[in-house]
Amino acid sequence: MGIGGTVRTRRTVLRTAAVLPLLAACSPDVLLGAPGAVRIAVSWSGQELSAFRAVLASTRLPEPVEIIPLGDEIDTALTARGRSAPDIVMLPQAGLVHDLVTAGRLRPVPEDLWVDAQGPRYADHWRRLCHHDGRSYGVPFKASAKSLVWYDREAVAGLRAGDPADWTLGDWSAGVQRFAGTGRRFLSLGAADGWVLTDLFENLLLAESAEVYESLASGDRAWDTPAVRDTFARLGDLWGVREGLAGGVATALVRQFADAVRDVFEHRRALAVAAPDFAEPVVRDALRRAGRPESAAGVVPFPAVAADRDGPRIVGGDVMVLTSAAGERADAVVRALADPQAPLPWIEGIGGFLGPNMRTRARYSSWTTDPAASSHSWPAFDLSDRIGAVGSRDGLWRVLTEFLITVGDAGGDVRAATDTAVATLTRFERGWR
């Protein structure tokens, strides 16, 4: 096992050791708690957790439920044992379903949840991820459009930065150069959340080569390819400009996703931020705090390499899975939450939720109407959610963070940093296997 695999193993053990006593000894966050309640483990917190509570409160649940919020430690839910172990897990990495089935961690969900009289209820990319050996082991609950850019309409117009709908990746690089060191930078980055970096990397890679993206996602993980190297070069163009990012690289490294969004719409330090649809409630709150109308914010698809090329379109999301020890009562709760209209309180009350069920009919905001209508046909699924440990905090997250530190603010040679990143990913891949 290589260095990456060793680190992952040790961190997994440490995280599991730290969290399992909490599962065994502490009371979970009870929504409709009762003895023998069906336990649901989630990664959500804050507004998202409140939104999920609203969904549960408005759904005709056949059983009492308890919520177990685990945040970034959601992976421990599949190894927990005892009275406080969850029955249902809202799994944010659908690509892990096959491995979890093989490891005996999951049991099947009712197959009829996937089809109705009109045909399939979910897009094919969900079926490929949630089915194993002809049986269904997961049901999509929440989809997310990973290829969106949110921008300040007023600032973009006032600074004559062009039409964001027409931006290419070349325009991004030129914009970072143009606004470097000014009071309003081109992009804001929340690098403290590693998934922000992986989302950006994945979009850039898919823009470079759909073939290489799918090859990596499908298991042929040869990282040392021209497309991967070109992707790191583009990251160097965006991150390797002195004072090119809002607040500089040092600030970006400790800035979380929500704060990067606020930098654009509340503090007005940047023109745009690459962020999924679930940025919606943060955008709305930032505008409210700044006393600005919602019309000040716009959203467009992630740009293409060039005007005559297709832009990347990546979808991700959370799937409901049943742990191997879950009883039939958990099936009934999954069935209730799989109802097409179950997520309406989240979609219409708070926002930042796309219904993966193609039968869901909801009033989306002006920002998310188009992504909600089109994301079922987006061709790619989140890469880091499909490549297991290599896409985790000890793999791609860490590589991208170290790359940002090395090249940020023109601090290091992009080509040399790319060599290091590619070599590290290759070693991690071999060590994990």
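On a predicted model such as this, the values are computed, not experimentally measured, just so you know. (Residues numbered from 1 in each chain as written. Predicted model: local features only at pLDDT ≥ 70, side-chain atom pairs only at ≥ 80, totals over all residues. Heavy atoms only, no water.)

Caption draft 1: Up close: the sheet that holds strand E12 (residues 270–274). One open sheet accounts for four strands, arranged E11-E12-E10-E13; its pairing is mixed. A single partner strand is all that each edge strand has here, and the edge strands are strand E11 (185–187) and strand E13 (297–301). Going from strand to strand, the sheet's axes swing by 20° on average, the running direction of each strand aside. The pairing of E11 with E12 spans two bridges and is classified as parallel. Across the sheet, residue Leu187 finds its bridge partner in E12, namely Ala272. Lying on the sheet, helix H6 (residues 169–179) is in contact with strand E10 (148–152), E11 and E12; it crosses E11 at an angle near 150°. Strands in contact with helix H11 (residues 257–265) are E10, E12 and E13; relative to E12, the strand with the most contacts, it is inclined by about 145°. (Pairing = 2+ DSSP bridges. Helix = DSSP H or I, 4+ residues; strand = E, 2+ residues; numbered from the N terminus. Axes fitted to C-alpha atoms, helices over the stretch in contact; angles between N-to-C directions. Contact = heavy atoms within 4.5 Å.)

Caption draft 2: The arrangement of the packing of H6 against helix H9 (residues 226–239) in detail. At their nearest, the axes of H6 and H9 sit 8 Å apart, and the two run at 30° to each other. When the interaxial angle is binned, H6 and H9 end up roughly parallel. Contacts between H6 and H9 involve Leu169, Trp172, Ser173 and Val176 from the first element and Arg234, Asp237 and Leu238 from the second. Here the residues of the contact of H6 with H9 are counted per class, giving four nonpolar, one polar and two charged. (Parallel < 35°, antiparallel > 145°, perpendicular 65-115°, else oblique. Nonpolar A, V, L, I, M, F, W, Y, C, P; charged D, E, K, R; others polar.)

Caption draft 3: The arrangement of the pairing of strand E2 (residues 65–69) in detail. Among the five residues that make up E2, four are buried, leaving the element largely enclosed by the rest of the structure. For strand E1 (residues 38–42) and E2, the ladder comprises five bridges, and the chain directions are parallel. Note on E2: the bridge partner recorded for Val38 is Val65. Handedness of the crossover joining E1 and E2 through helix H2 (residues 46–58) is recorded here as right-handed. (Buried < 20%, exposed > 50% of the residue type's maximum accessible area, 1.4 Å probe, protein only. Right-handed = clockwise from strand over helix to strand, strands pointing away.)

Caption draft 4: Molecular detail of the nonpolar core. Among the nonpolar cores identified, the biggest contains 139 residues, and Phe52, Phe232, Trp239 and Leu337 are the most heavily contacted of them. The element contributing the most residues to this core is helix H7 (residues 194–208), with eight residues. Both domains that furnish three or more residues to this core are identified here as domain 1 (36–143 + 316–381) and domain 2 (148–312 + 387–432). Once you skip the residues sitting within four places of it in the chain, Leu337 turns out to touch Ile40, Phe52, Val55, Leu56, Thr59, Leu61, Met90, Phe141, Met320 and Ala342. (Core = buried A, V, L, I, M, F, W, Y, C linked by side-chain atoms within 4.5 Å. Domains from an automatic or database assignment.)

Caption draft 5: Highlighting the pattern of salt bridges. Inspection of every chain in the model, using the stated rule, returns 27 salt bridges. Between Arg329 and Glu63 there is a salt bridge, with the nearest N and O atoms lying 3.3 Å from each other. One end of the pair, Arg329, is in helix H13 (residues 328–337); the other, Glu63, is in the loop between H2 and E2, and 266 residues separate them in sequence. When its relative accessible area of 36% is taken as the criterion, Arg329 is described as partly exposed. Residue Glu63 is classed as partly exposed on the basis of its relative accessible area, which comes to 21%. Note that Arg234 is salt-bridged to Glu208, the shortest N-O span being 2.3 Å. Taken together, the residues span a long stretch of sequence, with Arg234 in helix H9 and Glu208 in helix H7 at a distance of 26 residues. (Salt bridge = Lys/Arg side-chain N within 4 Å of Asp/Glu carboxyl O.)

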